Amino acid sequence: MTRRFRRFACIDWSGAKGDRQKGIAIAVSDGPGRAPKLIERTWSRGAVLDWLLDHARRGSDLLVGIDFSTAFPFLDAGAYFPGWAESPADARALWRLVDDICAGDPHLEAGAFVDHGEASRHFRRHGGRQGDLFGAGNGRYRLVERLCRDGRHGPATSCFNLVGAAQVGKSSLTGMRLLHRLDGRVPVWPFDPLPETGPAIVEIYTTVAARTAGLGGGSKMRDADRLRAGLAGYGIRRPPLLARYDDHSTDAILTAAWLAEAAARDDLWQPPALSSEIAAVEGWTFGIP
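Residues numbered from 1 in each chain as written. Predicted model: local features only at pLDDT ≥ 70, side-chain atom pairs only at ≥ 80, totals over all residues. Heavy atoms only, no water.

- In the annotation of an unreviewed UniProt entry, the entry for the protein reads DUF429 domain-containing protein, and the organism field reads Rhizorhabdus wittichii.

See the structure below:
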């Protein structure tokens, strides 16, 4: 049986430039059926790192979901960056490479990696710049992203695409810097086994939480009624009152409610397609069966 956690948090992440980010939000749930509480503050990525490390020091019984891709596609081409001699062999080496190249970027930003002479060949960037190794169509996908799209769990996008409102590449790169800085002090599933005690991190996709809740007409919640409808899908009848109903806060709240329920499902911890080899290089999005 999978470990049972007592508390659950969702971090809505951001890859934007700058110190304090309106696009970062954290909500915490005390369990299934309990209304999550939003931590009301303007976060920096460094402050999120400190928050996670504090929970590690305290040994908090907390499962944390973060909405960025924890690795790039690997399986489809046998490498993250085919043709680059420094292409890492696994996800942890990828996190280290990104953090090393971006060492001069403040606030856990990742501009240096995006503009790196070899790495940039694999990205689609603003200004019509598309690397010669970006590939056809909308870019390469991890196995879990292909399964997500094929199973209609959500329109997962390629991490190599850095253009458009739905792009996740920049947030994923800054997230990889965060994971490297954690240095194993908070285990990250499935790269690490779930610890017997203390906090753990999983990659999540907020659209899955919205669709599971039965929200029609898209996953965005920009007012109290929309948030109430989403939380009702998890048996929560008294949603928290917010000073501002923005996408980031409501996504964090709804996804924390979803995670509190989903974490009890053993099948979601044991996807049939997930092997130890796949886990080491591409990871997985928790909630994609």
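1. A closer look at helix H2 (residues 91-101)
Here is step 1 of the chain: Among the residues of H2, those classed as buried are Ala91, Ala93, Leu94, Trp95, Leu97, Val98 and Asp99.
Here is step 2 of the chain: Where the residues of H2 are buried, they touch helix H3 (111-114), helix H5 (169-182) and helix H10 (276-281).
Here is step 3 of the chain: A distance of 3.3 Å separates the backbone nitrogen of arginine 92 from a side-chain oxygen at the start of H2, and that oxygen is part of aspartate 90. (Buried < 20%, exposed > 50% of the residue type's maximum accessible area, 1.4 Å probe, protein only. Helix = DSSP H or I, 4+ residues; strand = E, 2+ residues; numbered from the N terminus. Contact = heavy atoms within 4.5 Å. Polar contact = N/O pair within 3.5 Å; in protein donor to acceptor, adjacent residues only side chain to side chain.)

2. A closer look at the packing of helix H1 (residues 45-58) against H5
Here is step 1 of the chain: Where H1 contacts H5, the axes come no closer than 10 Å and their chain directions differ by 35°. Seen along the crossing, H1 lies across H5 with a hand that is right-handed. Contacts between H1 and H5 involve Arg45, Leu49, Leu52 and Leu53 on the former and, on the latter, Thr174, Leu178, Arg181 and Leu182.
Here is step 2 of the chain: A class-by-class count of the residues in the contact of H1 with H5 yields five nonpolar, one polar and two charged. (Axes fitted to C-alpha atoms, helices over the stretch in contact; angles between N-to-C directions. Left-handed = near helix turned anticlockwise from the far one by under 90°. Nonpolar A, V, L, I, M, F, W, Y, C, P; charged D, E, K, R; others polar.)

3. Structural notes on the side chain of glutamate 282
Here is step 1 of the chain: Within the secondary structure, glutamate 282 sits in the segment after H10.
Here is step 2 of the chain: A distance of 2.9 Å separates a polar side-chain atom of glutamate 282 from the backbone nitrogen of leucine 75.
Here is step 3 of the chain: Contact partners of glutamate 282, with chain neighbours within four places excluded, come to Thr70, Ala71, Phe72, Pro73, Phe74, Leu75, Arg142, Leu143 and Phe191.

4. Section: the environment of asparagine 161
Here is step 1 of the chain: Note that asparagine 161 resides in the loop between helix H4 (143-150) and H5.
Here is step 2 of the chain: Its relative accessible area of 12% is what places asparagine 161 among the buried residues.
Here is step 3 of the chain: Beyond its immediate stretch of four places on either side in the chain, asparagine 161 contacts Arg124, Phe134, Asn138, Gln167, Val168 and Gly169.

5. With respect to the pattern of salt bridges
Here is step 1 of the chain: The tally for this structure, following the rule as stated, stands at 18 salt bridges.
Here is step 2 of the chain: With a shortest N-O distance of 4.0 Å, aspartate 54 and arginine 57 are connected by a salt bridge. Taken together, the positions of aspartate 54 and arginine 57, both in helix H1 and three residues apart, correspond to about one turn of that helix.
Here is step 3 of the chain: For aspartate 54, a relative accessible area of 29% puts it in the partly exposed group.
Here is step 4 of the chain: A single salt-bridge network, built from bridges that share partners, covers Asp54, Arg57 and Arg58. (Salt bridge = Lys/Arg side-chain N within 4 Å of Asp/Glu carboxyl O.)

6. Quick look at the environment of alanine 260
Here is step 1 of the chain: In this fold, alanine 260 is placed in helix H8 (residues 247-262).
Here is step 2 of the chain: Of the residues examined, alanine 260 reaches a relative accessible area of 3% and is grouped as buried.
Here is step 3 of the chain: Taking the C-alpha atoms as reference points, alanine 260 and glycine 184, separated by 76 residues in sequence, lie 23 Å from one another.
Here is step 4 of the chain: When near neighbours in sequence (up to four residues on either side) are disregarded, alanine 260 contacts Phe8, Ser29, Gly31 and Pro32.

7. Regarding the packing of aromatic side chains
Here is step 1 of the chain: Counting across every chain of the model gives 18 aromatic pairs.
Here is step 2 of the chain: When the ring of phenylalanine 74 is compared with that of tyrosine 80, the centres are 4.9 Å apart and the planes differ by 75°; the resulting orientation is edge-to-face. Here the two residues phenylalanine 74 and tyrosine 80 agree in accessibility, since each one is buried.
Here is step 3 of the chain: Their ring planes at 80° and their centres at 5.1 Å tell us that tryptophan 95 and phenylalanine 191 sit as a pair that is edge-to-face. Of the two residues, tryptophan 95 sits in helix H2 while phenylalanine 191 sits in the loop between H5 and strand S9 (200-203), which places them 96 residues apart along the sequence. An identical accessibility class is assigned to tryptophan 95 and phenylalanine 191; each is buried.
Here is step 4 of the chain: Of the aromatic side chains, those joined through ring pairs into one cluster are Phe72, Phe74, Tyr80, Phe81, Trp84, Phe113, Phe123 and Phe160.
Here is step 5 of the chain: Over the ring of tryptophan 43 we find arginine 41; its NZ or CZ atom is 4.1 Å from the centre of that ring. (Phe/Tyr/Trp six-rings, centres within 6.5 Å; stacked < 30°, edge-to-face > 60°. Lys NZ or Arg CZ within 6 Å of the ring centre and 35° of its normal.)

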